Amino acid sequence: MKRLDLLLKIIAAADGEKVTPAQLQKVAFLVGMEFPHEVPSDYYEFQKYDYGPFSADVYRDAEQLDREGKITISVHSRGGWKEYAATVRGSRIDLKDIPVEMKTFIEDKVSWARGLSFQQLVREVYIQFPEYRENSAFQY
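Turning to the overall build of the protein, a few remarks are in order. Scanning the protein from terminus to terminus reveals six helices and four strands. Ordered by position in the sequence, the α and β elements of the protein form the string α-α-β-β-α-β-β-α-α-α. Whereas a compact globule of 140 residues would reach a radius of gyration of roughly 14 Å, the protein reaches 14 Å, a difference of no more than 12%. Dimensions of the protein, computed from the C-alpha atoms along their principal axes, are close to 40 × 40 × 25 Å. Residues counted as buried form 44% of the 140 residues belonging to the protein.

Moving on, we get to helix H6 (residues 118-128). Of the positions making up H6, those classed as buried are Leu-121, Val-122, Val-125 and Tyr-126. For H6, the arc enclosing every buried residue in end-on projection is 130 degrees, short of the 170-degree limit, so these residues lie on one face. Buried residues along H6 sit against helix H2 (21-34), strand E1 (47-49), strand E2 (52-54) and helix H5 (100-114).

Take the pairing of strand E4 (residues 82-86) next. Burial analysis of E4 places four of its five residues in the buried class, the great majority of the element. Pairing between strand E3 (residues 71-75) and E4: five bridges, direction antiparallel. If you follow Thr-72 over to E4, its bridge partner there is Ala-85. Joining the antiparallel neighbours E3 and E4 is a turn of six residues, in which Gly-80 adopts a positive phi near 80 degrees.

So, about the packing of aromatic side chains. According to the stated counting rule, one finds 10 aromatic pairs in the structure shown. Arranged with centres 4.7 Å apart and planes meeting at 20 degrees, the rings of Tyr-49 and Phe-54 form a pair that is stacked. Taken together, Phe-29, Tyr-43, Tyr-44, Phe-46, Phe-129 and Tyr-132 form an aromatic cluster joined through their ring pairs. In this structure, Lys-109 packs its charged tip against the face of Trp-112, placed 4.7 Å from the ring centre.

Basis of the calculations
- Residues numbered from 1 in each chain as written.
- Predicted model: local features only at pLDDT ≥ 70, side-chain atom pairs only at ≥ 80, totals over all residues.
- Heavy atoms only, no water.
- Helix = DSSP H or I, 4+ residues; strand = E, 2+ residues; numbered from the N terminus.
- Rg over C-alpha atoms; globule rule 2.2 N^0.38 Å.
- Buried < 20%, exposed > 50% of the residue type's maximum accessible area, 1.4 Å probe, protein only.
- Arc of directions from axis to C-beta.
- Contact = heavy atoms within 4.5 Å.
- Pairing = 2+ DSSP bridges.
- Phe/Tyr/Trp six-rings, centres within 6.5 Å; stacked < 30°, edge-to-face > 60°.
- Lys NZ or Arg CZ within 6 Å of the ring centre and 35° of its normal.

Distances and angles like these do not, on their own, reveal function.
Listed below in structure tokens is the structure:
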């Protein structure tokens, strides 16, 4: 299993809907925390950043998936941030080597994250992993 495939699975789990940067970062982080022995050995290393766990490699890999035509990256019309959505090609990903529990977890967490505001999402991750509040610019 490759980390690019896992990232694609996270984006594709939104069923063609867009995923925000915060949603992408936090779900990728939670996957690594929940399945530390199942993720690839080169999986993302998350830093304690302004809004919790962050890895610039997540964005680099998303750019790679965009170049490969597996996702599209657009800019939010009002906010100016990037949003990520699987293309038809990317949605067809069939990851036979991902355990069923991990697939289910990804689908559940993407749905969960998409249902929260930015502030709620960051707050929930801080509640689960308070050590990632260390460098936070976010007050709640």
